[in-house]
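Structural characterization, general
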Amino acid sequence: MSIYFRPGLERSFGTYPLRGEELAAAVRAALAAGYRAFDTAQGYGNEADLGLALQGCGVPRSELCITSKVAPENFAPERFVDSVRDSLDKLKLAQLDVLLLHWAPADGDISPSLALLEQAADLGLARHIGVSNYTAAMMRQAARLVRRPLVTNQVEFHPLLDQGKLLAAAGETGIALSSYCSVARGEVFKYPLFGEIGAAVGKSAAQVALRWILQKGVAINTMSTKPENIGANFDIMDFTLSSVDMARIDALGATNYRVVTSARVPYAPRWD
């Protein structure tokens, strides 16, 4: 079972693009709400800020799950491991819980970076490894290439984007999905369906959208700076969407609204 589906860790607090005191305040609110999983990346420029925010937080290290990601510019053999050690120094950790590759290489050859990822884990720098922004074909190829299990493919996943191909690949490979842009940066709120379902079950539109993701078998990353929203995003385990409501939300996948387009991220792969 992926570490992200252990009780309490299926809901991670995402830290992009927070920094400084804004990040520290959000982390304090997240810890108070019950979050124990936190997600950062070399490319976010906030690993040191997260390390400071978690230092002396009062939560035992054994209860925390810290994920970071290696930036593509560090995929070279002479930089990869050193970059991970630098991340650990900034985070004030001896070991990451999960280390991900942030993107597939621009040339599409995933083998070298996966080998470096495994090397970092072999050196004890991370307990678990995974990838981010891989296509379904890349997931299948990666599963054949690695010795260690990949615990996740972190991808854009929300009700307005049909990610059926990635879900199918997850089922075939055992590489669980985890979401970012979980409410499509607010785009889901333009659709009354979420509010209608929420009114019937006593939850907000955002909570309905997040619950839908969990019931699709996908772990969640969410970010907010407002304590009330941080708490509400975590408070989604006390209700279940009916199969009818799940199907109604599934139908919105035909919208195929994508936040992370090639225009926004030129080095993104050709999405499924």
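Below is a summary of the structure that appears in this document.

1. Remarks on the overall build of the protein
For the protein, the count of helices and strands is ten helices and eight strands. Relative to its length of 272 residues, the protein is compact, with a C-alpha radius of gyration of 18 Å against a globular reference of 19 Å. With the principal axes as the frame, the protein shows a C-alpha extent of 55 × 40 × 35 Å. By the burial criterion, 56% of the 272 residues in the protein qualify as buried.

2. Things to note about the nonpolar core
Core analysis: the largest hydrophobic core is formed by 83 residues, its most contacted members being Phe-38, Phe-80, Leu-96, Leu-114 and Tyr-134. The biggest single contributor to this core is helix 1 (residues 20-33), with seven residues. Setting aside residues no more than four positions away along its own chain, Leu-114 makes contact with Leu-101, Val-131, Tyr-134, Ala-142, Leu-145 and Val-146.

3. Quick word on the sheet that holds strand 2 (residues 37-39)
In a beta sheet, neighbouring strands are held together by backbone hydrogen bonds and run either parallel or antiparallel to one another. Taken in spatial order, the eight strands line up as 1-2-3-4-5-6-7-8 and close into a barrel, and their pairing is parallel. Here the average twist between neighbouring strands, direction ignored, is 30°. Summarising the sheet, strand 7 (residues 177-180) and strand 8 (residues 219-222) pair through two bridges and their orientation is parallel. Paired with Ser-179 across the bridge in strand 8 is Ile-220. Lying over the sheet, helix 8 (residues 205-215) contacts strand 7 and strand 8, oriented at roughly 145° with respect to strand 8.

4. Re the packing of aromatic side chains
As enumerated under the stated definition, the model contains eight aromatic pairs in all. Aromatic ring contacts, followed pair by pair, group Phe-13, Tyr-35, Phe-38 and Phe-234 into a single cluster. Between the NZ or CZ atom of Arg-211 and the centre of the ring of Phe-239, over which it lies, the distance is 6.0 Å.

5. Topic: the pattern of salt bridges
For the structure shown, the criterion picks out 17 salt bridges. Across the pair Glu-196 and Arg-248 runs a salt bridge, and its minimum N-O distance is 3.7 Å. Of this pair, Glu-196 sits in helix 7 (residues 192-201) while Arg-248 is found in helix 10 (residues 243-250), placing the two residues 52 residues apart along the sequence. On the basis of relative accessibility, which here comes to 38%, the residue Arg-248 falls in the partly exposed class. Where Lys-216 meets Asp-250, a salt bridge forms, and the shortest distance between an N and an O atom there is 3.3 Å. On the criterion of sequence distance, the pair formed by Lys-216 in the loop between helix 8 and strand 8 and Asp-250 in helix 10 is long-range, its members being 34 residues apart. Here Lys-216 falls in the partly exposed class, since its relative accessible area comes to 28%. Given the relative accessible area of 34%, Asp-250 is considered partly exposed. Three or more residues joined by partner-sharing salt bridges are found here, namely Arg-61, Asp-97 and Arg-127.

6. Section: helix 5 (residues 136-145)
Those residues of helix 5 that fall on the buried side of the exposure criterion are Ala-136, Met-138, Met-139 and Ala-142. Down the axis of helix 5, the buried set is contained in an arc of 155°. They therefore lie on one face. On its buried face, helix 5 sits against helix 4 (111-122), strand 6 (150-156), helix 6 (164-173) and strand 7.

Scoring rules and cut-offs
Residues numbered from 1 in each chain as written. Predicted model: local features only at pLDDT ≥ 70, side-chain atom pairs only at ≥ 80, totals over all residues. Heavy atoms only, no water. Helix = DSSP H or I, 4+ residues; strand = E, 2+ residues; numbered from the N terminus. Rg over C-alpha atoms; globule rule 2.2 N^0.38 Å. Buried < 20%, exposed > 50% of the residue type's maximum accessible area, 1.4 Å probe, protein only. Core = buried A, V, L, I, M, F, W, Y, C linked by side-chain atoms within 4.5 Å. Contact = heavy atoms within 4.5 Å. Pairing = 2+ DSSP bridges. Axes fitted to C-alpha atoms, helices over the stretch in contact; angles between N-to-C directions. Phe/Tyr/Trp six-rings, centres within 6.5 Å; stacked < 30°, edge-to-face > 60°. Lys NZ or Arg CZ within 6 Å of the ring centre and 35° of its normal. Salt bridge = Lys/Arg side-chain N within 4 Å of Asp/Glu carboxyl O. Arc of directions from axis to C-beta.

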